[in-house]
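# Coordinate analysis (summary)
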Amino acid sequence: ERNAGGRWRLQWRSGSRWQIDNTFAVSVLRQGGYPYAYVGEEIKVDGQSVIRPGEISYNDPSSYRRTLLSDGLTVRYEGERFTLASITSYQYSDDEMILDQDFLPLSYFTLRQARTEHTLTEDIVIRKRGKGNYRWLFGAFGFYRHGVMDAPVRFKQYGIDELILKHINQVNPDYVDVWDDDNFMLGSTFRMPTLGAALYHESEYRTGRWRFTAGLRFDYEHATLRYRNFTDTGCKTYRTDEEGNHELVATTPIKIDTRGTLRDLFTELLPKVTVTYSFDENRNLYLSVAKGYKAGGFNTQMFSDVLQQQIMKEYFHVGTQYDIRKVVGYDPEYSWNYEVGGHFSCLEGAIRGDFALFWIDCRDQQLTVFPEGDITGRIMTNAGKAHSAGIEVSVAYSPVERLTLNAAYGYTNAKFLEFNNGKEDYSGRFVPYAPQNTIFAAANYLIPAQFGPLRYISTGLSTQGIGKIYWNEDNSTAQNLYFKLDASVKLICNKFSVDLWAKNIPATQYSTFYFVSIQHEFLQRGKPVQFGATLRVNI
């Protein structure tokens with residue numbers, strides 16, 4: 001991985017009324033292939049072992065590059081009775097991903113996905129100033145995002161034989177189909193303009209130790225997907241006689257160029273109510289109830305499989321052709337979020353912390369699933385009903401001067417209440433990708449030093465634990481709880497600092513992601529032990 005970036009910030013003040021703040025940033029990223037390890041039984045071809053469980057092995061190059069430009073402008077006016085803020089942002093991204101999409105040392109297919117995207121947002125907020133028990137704010141938000149993507153999948157010889165010809169030739173053994181080329185392209189291009197807007201209001205009333213807050217937000221989003229699927233290839237059909245000779249009986253040119261447009265409109269009202277009781281400035285209890293919402297949209301990852309099935313159905317009458325809207329579109333997700341928590345402090349501030357208990361009722365939860373069959377894409381679906389309940393606690397303690405101890409723990413129980421995909425009922429199973437436990441502990445000690453330009457030496461030790469994480473909806477694959485240990489020594493001088501650090505010192509082996517491609521399962525390995533140094537210079 002090679003990563004470079006820069007940021008430039010300008011601030012302007014005019015007396016006590018106007019403030020202007022602008023930040024421009026640019027970053028460039030270049031990465032090699034992906035650490036996707038095969039999961040399953042050993043694969044053999046012609047009696048020879050191709051790949052074994054736990055191995056990372058594929059025969060075509062994989063890489064990723066990205067360039068990001070962003071600019072954020074904030075203009076703030078401080079009036080006597082109100083403040084007015086305008087936050088404008090623009091982001092441009094240009095990335096390209098190249099994949100050996102089967103992630104095996106076999107010539108199935110490759111993917112090149114190149115995408116450019118422009119995003120413009122505007123947020124205007126007006127707040128009441130001054131003393132008084134009642135405060136309010138009004139806001140308006142809008143965004144426009146336009147993306148263009150080119151995502152051709154190139155089928156190679158082994159993929160043509162196993163995923164297309166194998167199924168076609170099984171229909172009638174007296175005929176043999178042979179592809180004209182040893183590879184061909186399934187082309188897909190997309191234009192994805194999306195615009196949205198929101199109006200929101202929040203009122204706050206204080207009386208004694210109590211604070212009551214109520215808010216309402218109206219969301220609007222319009223999503224469009226313009227697509228083109230195309231290919232130009234061909235196939236020849238031979239008849240086999242009793243002596244095993246092949247006679248050419250048909251030549252089938254395959255030319256497909258399909259275009260279409262999908263649109264969806266989403267609107268929602270989102271209320272929120274919070275009640276807070278304060279014992280003092282550092283200690284309080286609160287109760288919050290809010291409605292959550294994620295708009296629906298379109299998933300482009302299934303289009304190459306749609307085109308493959310279209311070829312087999314239209315030209316060879318094999319298989320089933322996909323309904324594009326059903327496999328590409330997905331609906332909004334809704335939730336009601338309940339939270340009780342507080343902040344506490346004792347021993348004159350030596351111990352500080354906060355805690356929260358939460359319960360989330362989710363309906364039509366958006367979920368990534370991997371359909372059965374010899375496909376490479378993944379479908380976004382809506383999973384009926386689910387709930388998520390848990391607790392989060394964090395504590396900071398300073399027993400002596402310059403020593404700080406931190407600890408945090410979170411537990412989440414996320415399960416499907418109702419989820420039946422038509423083939424299997426997953427009700428009662430754990431929701432994929434949701435860690436059940438998150439654990440963090442750290443100790444930092446600051447040592448004064450007077451040696452040349454050196455002023456302080458900061459030492460730190462921390463550990464992080466995550467898991468168990470279920471990777472699929474039937475809970476057959478999971479990452480158990482694992483721990484990493486990090487350490488650092490930081491030399492702090494007047495104008496610069498040097499941080500020497502080590503991450504995952506025990507070289508813990510763990511997985512961070514799971515997916516399925518052509519019925520083969522893969523896990524992405526986590527990063528091994530790392531050592532490094534960070535130099536910061538203040539000009």
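## Re the overall build of the protein chain
Scanning the protein chain from terminus to terminus reveals three helices and 32 strands. In terms of overall dimensions, the protein chain has a C-alpha envelope of 95 × 55 × 50 Å along the principal axes. Sorting the 539 residues of the protein chain into buried and exposed places 37% on the buried side. Taking the contacts inside the protein chain whose residues are at least 6 apart along the sequence as the reference set, 66% of them involve residues at least 24 apart. Roughly 29800 Å² of accessible area belongs to the protein chain as shown, and the carbon and sulfur atoms make up 53% of that amount. In the protein chain, 59 side chains carry a positive charge and 62 a negative one; their mean positions are 12 Å apart.

## Here we look at the nonpolar core
F155 and W179 are the most contacted members of the largest nonpolar core, which totals 70 residues. Ranked by the residues each element gives to this core, the list is headed by helix α2 (residues 303–316), at six residues. Dropping the residues within four chain positions of it, F155 is found in contact with Y108, F109, I160, L163, I164, D182, N183, F184, L186 and Q308. Core analysis: the next-biggest nonpolar cluster, separate from the first, contains five residues, L270, Y293, A295 and Y334 among them.

## Focus on the packing of helix α1 (residues 157–171) against α2
Contact pair α1 / α2: the axes reach a minimum separation of 11 Å and the direction vectors enclose 25 degrees. With respect to each other, α1 and α2 are oriented roughly parallel. In this structure, α1 crosses over α2, and the sense of that crossing is right-handed. The residues of α2 that touch α1, namely those facing L163, I164, H167 and I168, are Q308, M312 and F316. Here the contact of α1 with α2 is built from residues that sort into five nonpolar, two polar and no charged.

## A word on the environment of F230
Structurally, F230 can be placed in strand β13 (residues 210–240). Overall, F230 belongs to the buried group, its relative accessible area being 19%. Along the primary structure F230 and V393 are separated by 163 residues, whereas in three dimensions their C-alpha atoms are 53 Å apart.

## As for unusual backbone geometry
The peptide bond linking G467 to K468 adopts the cis configuration, its omega dihedral lying at 5 degrees. Of note, K468 is situated in the loop between β25 (454–466) and β26 (469–470). Phi at N504 is positive, roughly 50 degrees, even though this residue is not glycine. You can see N504 is positioned in the loop between β29 (496–503) and β30 (511–517). On the accessibility criterion, N504 (2% relative accessible area) is buried.

## Describing the pattern of salt bridges
Enumeration according to the criterion identifies 24 salt bridges in this entry. Of the charged contacts in the structure, one is a salt bridge between R9 and D21, with a shortest N-O distance of 2.6 Å. Taken together, the residues R9 in strand β1 (residues 2–14) and D21 in strand β2 (residues 18–31) connect sequence positions twelve residues apart. We classify R9 as exposed; its relative accessible area is 51%. Salt-bridge contacts for D219 lead to R217; the nearest nitrogen and oxygen are separated by 2.9 Å. Assessed through its relative accessible area of 28%, R217 is described here as partly exposed. Salt bridges sharing common partners tie together R65, D94, E96, R112 and D150.

## Some points on the packing of aromatic side chains
What the rule picks out here adds up to 31 aromatic pairs. Relative to F184, the ring of W179 lies with its centre 5.3 Å away and its plane at 25 degrees, an arrangement referred to as stacked. Judged by its relative accessible area of 6%, W179 falls in the buried class. An aromatic cluster is present here, built from Y34, Y36, Y38, Y58, F103, Y433, W471, F513, F515 and F522 joined pairwise through their rings. The ring of F230 carries the charged tip of R228 above its face, separated from the ring centre by 4.2 Å. Its end group placed over the ring of W501, K503 keeps NZ or CZ at 4.9 Å from the ring centre.

## So, empty space enclosed by the protein
The probe, sized like a water molecule, is rolled over the atoms to show the empty space still left. According to the stated counting rule, one finds two cavities of 30 Å³ or more in the structure shown. In terms of residue class, the lining of the second largest cavity is made up of five nonpolar, two polar and one charged.

Rules used in this analysis
- Residues numbered from 1 in each chain as written.
- Predicted model: local features only at pLDDT ≥ 70, side-chain atom pairs only at ≥ 80, totals over all residues.
- Heavy atoms only, no water.
- Helix = DSSP H or I, 4+ residues; strand = E, 2+ residues; numbered from the N terminus.
- Buried < 20%, exposed > 50% of the residue type's maximum accessible area, 1.4 Å probe, protein only.
- Contact = heavy atoms within 4.5 Å.
- Areas by Shrake-Rupley, 256 points an atom, 1.4 Å probe, with all protein chains shown as cover.
- Lys, Arg positive; Asp, Glu negative; His and termini not counted.
- Charge placed at Lys NZ, Arg CZ, Asp CG, Glu CD.
- Core = buried A, V, L, I, M, F, W, Y, C linked by side-chain atoms within 4.5 Å.
- Axes fitted to C-alpha atoms, helices over the stretch in contact; angles between N-to-C directions.
- Parallel < 35°, antiparallel > 145°, perpendicular 65-115°, else oblique.
- Left-handed = near helix turned anticlockwise from the far one by under 90°.
- Nonpolar A, V, L, I, M, F, W, Y, C, P; charged D, E, K, R; others polar.
- Salt bridge = Lys/Arg side-chain N within 4 Å of Asp/Glu carboxyl O.
- Phe/Tyr/Trp six-rings, centres within 6.5 Å; stacked < 30°, edge-to-face > 60°.
- Lys NZ or Arg CZ within 6 Å of the ring centre and 35° of its normal.
- 1 Å grid on protein atoms, 1.4 Å probe; cavity = no way out; pocket = protein on both sides within 12 Å on 5 of 7 lines; lining within 4 Å.
- Points joined across faces, edges and corners; volume = space filled by probe spheres on them.

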